[in-house]
Amino acid sequence: MNSAAKNGTTMNDGARVDVKRDALRRQWALFALFFVPGISISSWVTRTPAIRDLLEASTAEIGLVLLGLSAGSMIGILSAGPLVACLSTRPVIVVGTTLIVLSMPTIGVGASLSEGGIVTAGLLLFGLGMGGLEVALNVEGADVEQALDKPVLPALHGSFSLGTFVGAVAGIVFTATEYPVLNHLLIVSAIDLLILIVAIRQIAPGVGKTDRTAGASGATPGGGLGVLVRDGRLLIIGAVVLAMALAEGAANDWLPLVMVDGHGFDAALGSAIYAVFAASMTIGRFGGGWFIARYGRAAVLCASAIAGAAGLAVVIFVDNQVAAGAAVVLWGLGASLGFPVALSAAGASGPNSAARVSFVATLGYVAFLVGPPVLGFLGEHYGLRNALIVPLALVVAAAFLAPQIVRRRAQLHDSST
């Protein structure tokens, strides 16, 4: 009896070790895969002036070209959740990354041929791939996080930020040396393809897939959209995600112009301040895991929102270049953890974590997509600094909502006992 018990314990321990080892391999694969959309989007963004010149396009014409990116992103984001539920994360990751791989040379060829339609098609491919890929990666990351029982998503998003930083630096060098856009984007495409080939082997099959038979019989609570939208705690998490995603997206799209038009910096310093923001985001995401493990998700979310709100408030209301430049660090650190930590909270908020992460991630990426154009419209009429009052108000609201995530869970626990 004792021998059998010991053997059983040994087998259980061995199984746990195998599960943890597999989860660690998946984690490293996800680090690489999160790097792909980061380096790809920053490579495209840094070459937009050159692409505009190759197309001989006006600002309005470039706006029409960018419709491809907007349309593709919206379709990719909205279809990702159902596709993951139907197929699992792995095929969605494969298809999404492949579309990004194909998009880079398509954009480069279109620019080289001065064909705006081809560039638009390339951006459509990129938007489709990135929209679907990032939702699937977050579902996969949340699953790994639960397997390892430690914060993982912040560092994974840090890998995305690192990718944007590496791509931006390379793009600046290629721009300064007038390196051909097509060759540059072909290099990025090759890097993306290599990462996909190496990393996809470690992605587990079946993650996020919903058992439709069980769901139809009611055996999988929390799986349907109707159940999710009636979950008060999940809606609170979704509201926090919306606020923090808008704070991050506003900086990604408008920060250089805010510094140039709103605070009188020259273009080079405006871009440098954006680089400071990106570095702050990267540091916050890679270093955030320790704070989450020590203080918990709700406390970190609340502190992040307060820091982000403080940074935004200084940028909006203080007419001082030094103060505005320094405040960007607070803005970046505050925005860095909001999105990934809220996704972690969504995964742990109830049954069928994959559906919950997908639901909340979709809300966040819609905010990334819709928010910046809205701020642009407001900025046109009231000035960009004043337009930032919208994300400031939402981030302040997120600071008040974050503690409710834990409070509501405690109330539910008390009522069930």
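Anything mentioned here points back to the structure above.
The rules behind each value
- Residues numbered from 1 in each chain as written.
- Predicted model: local features only at pLDDT ≥ 70, side-chain atom pairs only at ≥ 80, totals over all residues.
- Heavy atoms only, no water.
- Helix = DSSP H or I, 4+ residues; strand = E, 2+ residues; numbered from the N terminus.
- Expected span 1.5 Å × (residues − 1).
- Bend = angle between axes of the 7 residues up to and from the residue.
- Patch = residues over 30% accessible without salt bridge, like charges linked within 9 Å, V, L, I, M, F, W, Y side chains within 5 Å.
- Areas by Shrake-Rupley, 256 points an atom, 1.4 Å probe, with all protein chains shown as cover.
- Salt bridge = Lys/Arg side-chain N within 4 Å of Asp/Glu carboxyl O.
- Buried < 20%, exposed > 50% of the residue type's maximum accessible area, 1.4 Å probe, protein only.
- Phe/Tyr/Trp six-rings, centres within 6.5 Å; stacked < 30°, edge-to-face > 60°.
- Contact = heavy atoms within 4.5 Å.
- Axes fitted to C-alpha atoms, helices over the stretch in contact; angles between N-to-C directions.
- Parallel < 35°, antiparallel > 145°, perpendicular 65-115°, else oblique.
- Nonpolar A, V, L, I, M, F, W, Y, C, P; charged D, E, K, R; others polar.

A. Representation of helix H15 (residues 353-382). Taking 1.5 Å per residue, 30 residues should reach 44 Å; H15 reaches 41 Å between its end C-alpha atoms and fits that length. When the local axis directions of H15 are compared, the greatest deviation, roughly 30°, occurs at Val370, which is followed within four positions by the proline Pro372. Within two residues after H15, Gly383 carries a phi angle of roughly 95°, on the positive side.

B. Representation of a nonpolar patch on the surface within the structure. On the surface, a nonpolar cluster with roughly 460 Å² of combined accessible area is contributed by Leu162, Phe165, Val166, Val169, Val173 and Phe286. A total of five residues in the nonpolar patch trace back to one element, the largest contributor, which is helix H7 (residues 153-176). Here Phe165 falls in the partly exposed class, since its relative accessible area comes to 38%.

C. Summary view of the packing of aromatic side chains. Evaluation of the coordinates by the stated rule reveals five aromatic pairs. Considering the side-chain rings of Trp290 and Phe291, the 5.0 Å spacing of their centres and the 90° angle between planes classify their relative orientation as edge-to-face. The exposure class assigned to Trp290 is exposed, which follows from its relative accessible area of 52%. Here Phe291 falls in the partly exposed class, since its relative accessible area comes to 41%. Taken together through their ring pairs, the aromatic side chains of Trp290, Phe291 and Tyr295 make up a single cluster.

D. Fine view of the side chain of Glu248. Following the sequence through the fold, Glu248 ends up in helix H11 (residues 232-263). Discounting residues that sit within four places of it in the chain, Glu248 has contacts with Phe277, Met281, Arg285, Ala335, Phe339 and Phe368.

E. Highlighting the pattern of salt bridges. All told, the structure shown has seven salt bridges when counted by the stated rule. In this structure, the salt-bridge partner of Arg26 is Glu140, at a minimum N-O distance of 2.7 Å. Here the residue Arg26 occupies a position in helix H1 (residues 2-46), and Glu140 occupies one in helix H6 (residues 116-148), the gap between them amounting to 114 residues. By the burial criterion, Arg26 is buried, and Glu140 matches it. Ionic contacts of the salt-bridge type, sharing partners, join the residues Arg26, Glu140 and Asp143 into one network.

F. Structural detail: the packing of helix H4 (residues 67-87) against H15. At a minimum axis distance of 9 Å, the contact between H4 and H15 shows a crossing angle of 170°. Taken together, the axes of H4 and H15 are roughly antiparallel relative to one another. For the pair H4 and H15, the contacting residues are Ser70, Ser73, Met74, Ile77, Leu78 and Gly81 in the first and Ser358, Thr362, Tyr365, Val366, Leu369 and Val370 in the second. For the contact of H4 with H15, the per-class residue count stands at seven nonpolar, five polar and no charged.

G. The arrangement of the packing of helix H2 (residues 48-55) against helix H5 (residues 89-112) in detail. At a closest axis distance of 8 Å, the pairing of H2 and H5 adopts a crossing angle of 40°. The orientation of H2 relative to H5 falls into the category oblique. Here H2 contributes Ile51, Leu54 and Leu55 to the contact with H5, which in turn contributes Ile107, Gly110 and Ala111. Of the residues belonging to the contact of H2 with H5, the class tally is five nonpolar, one polar and no charged.

Spatial relationships are all this shows, so hold off on functional conclusions.
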